[in-house]
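# Report on the structure
Residues per chain are reported as follows:
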Amino acid sequence: MKKAAIIIAACIMLVPSALGQLIRIAGDIDRTALYLDADRLWSYNLYERSRWGVGLTLNNRVAELRGTPHGTLNLYLGYSPYAELFTGGIGGTWQTGDRQRFSLALSHDLAAAGIRHTATATLREPSSLSSFMARRLNERWQATAGYGIERGAIDFGVELQGWRGWRLYDAGGLLYRRDSVTLPREDGIAAGATLSAYAGRYILTLQGGATMPGTHRFMRLTAQYRQTFRGNIVKTHLFAQGGIVSRSAPYTFMFDLGGTWGSPLLFEGTLLTARPVEFTADLYGLASVRVELAKPLFDLWNNYVAIGSRPVPFVGVNAAWGLLRDMDDNGMLVHDDLTLQAPHLGIVEPVLGVNGLLRWGAVDWGLSVAWRIVPYGAPYRFRKASNNLSLMVTALLTL
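The rules behind these values
- Residues numbered from 1 in each chain as written.
- Predicted model: local features only at pLDDT ≥ 70, side-chain atom pairs only at ≥ 80, totals over all residues.
- Heavy atoms only, no water.
- Helix = DSSP H or I, 4+ residues; strand = E, 2+ residues; numbered from the N terminus.
- Buried < 20%, exposed > 50% of the residue type's maximum accessible area, 1.4 Å probe, protein only.
- Areas by Shrake-Rupley, 256 points an atom, 1.4 Å probe, with all protein chains shown as cover.
- Contact = heavy atoms within 4.5 Å.
- Polar contact = N/O pair within 3.5 Å; in protein donor to acceptor, adjacent residues only side chain to side chain.
- Salt bridge = Lys/Arg side-chain N within 4 Å of Asp/Glu carboxyl O.
- Phe/Tyr/Trp six-rings, centres within 6.5 Å; stacked < 30°, edge-to-face > 60°.
- Lys NZ or Arg CZ within 6 Å of the ring centre and 35° of its normal.

The subject of this paragraph is the overall build of the protein. Looking only at helices and strands, the protein has 3 helices and 26 strands in total. Expressed as a percentage of the 399 residues in the protein, the buried residues total 45%. Accessible surface, the protein: about 19600 Å² in total, of which carbon and sulfur atoms supply 62%.

All right, on to the environment of I373 then. Position of I373 relative to the elements: it lies in the loop between β25 (363-371) and β26 (389-397). For the pair formed by I373 and L389, sequence separation is 16 residues and the distance between their alpha carbons is 9.8 Å. Setting aside anything within four residues of it in sequence, one finds I373 in contact with G346, I347, V348 and P350.

A separate point is the side chain of T273. If you trace the backbone, T273 turns up in the loop between β16 (255-256) and β17 (280-281). At a separation of 2.5 Å, a polar atom in the side chain of T273 contacts the side chain of E349. Residues in contact with T273, not counting those within four places in the same chain, are W261, E278, E349, A370, W371, R372, N387, N388 and S390.

Relative to the helices and strands, R51 resides in strand β4 (residues 49-60). What makes R51 buried here is its relative accessible area of 5%. In this structure the side chain of R51 is engaged in a polar contact, spanning 3.4 Å, whose partner is the side chain of T87.

As a working rule, side chains carrying opposite charge can pair if their charged atoms are close by. By the definition in use, this model includes 20 salt bridges. One salt bridge connects R101 with D155, and the closest N-O pair in it is separated by 2.7 Å. Of this pair, R101 sits in strand β7 (residues 100-112) while D155 is found in strand β9 (residues 154-167), placing the two residues 54 residues apart along the sequence. Looking at D155, the relative accessible area reads 7%, which means it is buried.

A ring pair, where both rings are aromatic, is described by two values, the distance of the centres and the angle of the planes. Taken as a whole, this structure holds 10 aromatic pairs when the rule is applied. Ring plane angle 45° and centroid distance 6.2 Å describe the contact between W42 and W52, whose orientation is recorded as tilted. Highlighted residues: W42 in strand β3 (residues 42-45) and W52 in strand β4, separated in sequence by 10 residues. The exposure class assigned to W42 is buried, which follows from its relative accessible area of 13%. We classify W52 as partly exposed; its relative accessible area is 48%. Ring centres 4.0 Å apart and planes at 15° place the aromatic pair F218 and F253 in the stacked group. Taken together, the positions of F218 in strand β14 (residues 216-230) and F253 in the loop between β15 (234-245) and β16 put the pair 35 residues apart, joining distant regions of the chain. For F253, a relative accessible area of 7% puts it in the buried group. An aromatic cluster is built from Y47, Y82 and Y176, whose rings are joined through pairwise contacts. Of note, R177 hangs over the ring of W166, and the distance from its end group to the ring centre comes to 4.7 Å. The aromatic ring of Y176 is capped on one face by R178, whose charged end is 4.3 Å from the ring centroid.

If you want it as structure tokens, here you go:
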């Protein structure tokens, strides 16, 4: 219950973030101003637990409004009492009048291993939900330089990263400096390109590089599609993602298909009945379909206490498949001293729920349930009856 309360509180903190987490503390809002980034005050992940900190943003908006060059500078600091870890970074983006952008960042922070998100990494990534349920993380001193150009609905970007760091996990679990353990070293360099077509919600990411010691080279390709079709009676949400990485790539750049079982909240684009790091693949596909009513069954609201109800039933299904090259007949492989399990038999998760049973302030709260279906007679070795079923609440911002 304690963890559930912390996770829900973390998501409530997303409300001011989504509504505009920048609080002006100096300057002119229509020109150059300094802002406090409220999203940096507190965040939560499975390794650090609570992270406390501060973030500042210097934003030049007058040029942005006139369609001429403008820029943003970000600075943040953080500390986790549980991990006894200081983090921080500084970075900036400069956008020209013809929609070209240049970025540069320096940071000491955590990066999720096996991350499968296609968005280009930014300074804000460690505190975002994309790494919220990540369990295997790397500590890095990292420098990043990027260039991007936007033309209509097409956005193209390239990025170069170099880092020196350590893995904060091994086969036995998470590693903490306070335990006086030797952290496995992992330095590296990588270059990547991202091509996005926003009108169709397509994203294609290509990345290549090498990690040391031992010089382990890799090439990595990820594709994603996300779209919502709105009808008079129902809305249909589609999500599909797939990826492939070269053989014998370091674990950091394989695909962690672990899910969010154990969290009291429903997340999208993930397996709801899979534990964090339960599954890994170097070739995979994941898809989900959700159909919900276009309008709530009814809409009640009281302005005095800011409480109401607007229930919207939904049904859906998640499905995933993946493999590890050189795996055994059970889909298992020992790689980088880690025992990995691929979902080579596939997973299907029917999902039922109702959004908006309770509207409280700026959040619609609801309930949902998901259960796992695997091929009969061939259960995964790591499968446990306790996570064949997941009961969750839903939280949607009413913006």
